[in-house]
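The lines below spell out each chain.
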Amino acid sequence: MLSTKHPQTLAYIGLLQPFGAIMPISELQCRWAMQIFKGERGVPKPEEMERQISERIEAIWRQFAKRDRHTLESEFFPIMEALAEEVGCVPRMWNPNNWKVLVELLLAPSGWPFTYRLQGPGKWDGAAHALKKAYSQMGKHP
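Here's a quick rundown of the structure.

About the thresholds
Residues numbered from 1 in each chain as written. Predicted model: local features only at pLDDT ≥ 70, side-chain atom pairs only at ≥ 80, totals over all residues. Heavy atoms only, no water. Helix = DSSP H or I, 4+ residues; strand = E, 2+ residues; numbered from the N terminus. Buried < 20%, exposed > 50% of the residue type's maximum accessible area, 1.4 Å probe, protein only. Contact = heavy atoms within 4.5 Å. Areas by Shrake-Rupley, 256 points an atom, 1.4 Å probe, with all protein chains shown as cover. Phe/Tyr/Trp six-rings, centres within 6.5 Å; stacked < 30°, edge-to-face > 60°. Axes fitted to C-alpha atoms, helices over the stretch in contact; angles between N-to-C directions. Parallel < 35°, antiparallel > 145°, perpendicular 65-115°, else oblique. Left-handed = near helix turned anticlockwise from the far one by under 90°. Arc of directions from axis to C-beta. Salt bridge = Lys/Arg side-chain N within 4 Å of Asp/Glu carboxyl O.

## Quick word on the overall build of the chain
Reasoning step 1: Along its length, the chain carries five helices and two strands.
Reasoning step 2: Mapped in sequence order, the helices and strands of the chain form the string β-α-α-β-α-α-α.
Reasoning step 3: Sorting the 142 residues of the chain into buried and exposed places 32% on the buried side.
Reasoning step 4: Pairs at least 24 apart in sequence give 59% of the contacts found in the chain among residues at least 6 apart.
Reasoning step 5: For the chain, the accessible area works out to roughly 9200 Å², and carbon and sulfur atoms hold 58% of it.

Right under this line is the structure:
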């Protein structure tokens, strides 16, 4: 996602083909890139980045197909969890101060973007309410 030539100033956001929504992935990519641009996190050396890119492409080819068209394919949940881990916003399942959020997390479909705003950098105070509201609206039509 980062340019190997200009990693502190250039990131390719949304340049993938996920099996799932691209916007939540792009949001997490933006949050991760901003941590780098602001100097809050370091970047690997270009050689290490090239090695990681090669490993990622090989893994994609093993999972999908060894064709140029498939070099950007990705599964939604693994990439979301990997990015959330990097950003530092993986939802903690147990929060003794708010067990109702735990119930909502367990019952709600995974991958809702605001689940990655419950804690960590970029925390949003309205995330728990949005999660509860979205869960209550499932299956309801206006």
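Picking up after the structure, the text goes on.
## Some thoughts on the packing of aromatic side chains
Reasoning step 1: Applying the stated criterion to the full structure yields one aromatic pair.
Reasoning step 2: Ring centres 5.0 Å apart and planes at 85 degrees place the aromatic pair Phe-76 and Phe-77 in the edge-to-face group.
Reasoning step 3: Look at Phe-76 and you get buried, because its relative accessible area is 7%.
Reasoning step 4: Relative accessible area serves as the criterion here: at 43%, Phe-77 is assigned to the partly exposed category.

## Brief notes about the environment of Lys-123
Reasoning step 1: Within the element layout of this structure, Lys-123 appears in the loop between helix H4 (99–107) and helix H5 (127–137).
Reasoning step 2: A sequence separation of 34 residues divides Lys-123 from Cys-89, and the C-alpha atoms of the two residues are 8.0 Å apart.
Reasoning step 3: Excluding residues within four positions of it along the chain, Lys-123 makes contact with Arg-117 and Leu-118.

## Focus: the packing of helix H1 (residues 23–37) against helix H3 (residues 76–87)
Reasoning step 1: Closest axis-to-axis distance for the H1/H3 pair is 9 Å, and the angle between their directions is 25 degrees. If you check the angle between H1 and H3, you find them roughly parallel. Crossing of H1 against H3: the hand is left-handed. Between H1 and H3, the contacting residues are Pro-24, Ile-25, Leu-28, Gln-29, Arg-31, Trp-32 and Gln-35 on the first element and Phe-76, Ile-79, Met-80, Leu-83, Ala-84, Glu-86 and Val-87 on the second.

## Observations regarding the side chain of Gln-35
Reasoning step 1: Looking at the element boundaries, Gln-35 is found in helix H1.
Reasoning step 2: With relative accessibility at 7%, the residue Gln-35 sits in the buried group.
Reasoning step 3: What Gln-35 contacts, discounting residues up to four positions off in sequence, is Glu-40, Arg-41, Glu-86, Val-87 and Pro-121.

## Some remarks on H5
Reasoning step 1: Along H5, the positions that sit buried rather than exposed are Ala-127, Ala-130 and Leu-131. Projection of H5 onto a plane perpendicular to its axis shows the buried side chains occupying an angular sector of 100 degrees, all on one side. In this structure, H5 carries His-129 and Lys-133 as exposed residues pointing more than 90 degrees from its buried face.

## Quick look at the pattern of salt bridges
Reasoning step 1: All chains considered together, the criterion is met by five salt bridges.
Reasoning step 2: Put simply, Glu-27 and Arg-117 hold a salt bridge, and the shortest N to O gap is 2.6 Å. Placement of Glu-27 in helix H1 and of Arg-117 in the loop between H4 and H5 is noted, with a sequence separation of 90 residues between them.
Reasoning step 3: Two residues, Arg-51 and Glu-55, come together in a salt bridge whose shortest N-O distance is 2.2 Å. One end of the pair, Arg-51, and the other, Glu-55, are both in helix H2 (residues 46–63), four residues apart, so they sit about a helical turn from each other.
Reasoning step 4: Relative accessible area serves as the criterion here: at 38%, Arg-51 is assigned to the partly exposed category.
Reasoning step 5: Exposure remark for Glu-55: the relative accessible area of 45% places this residue in the partly exposed category.
Reasoning step 6: Sharing partners across several salt bridges, the network here consists of Glu-48, Arg-51 and Glu-55.

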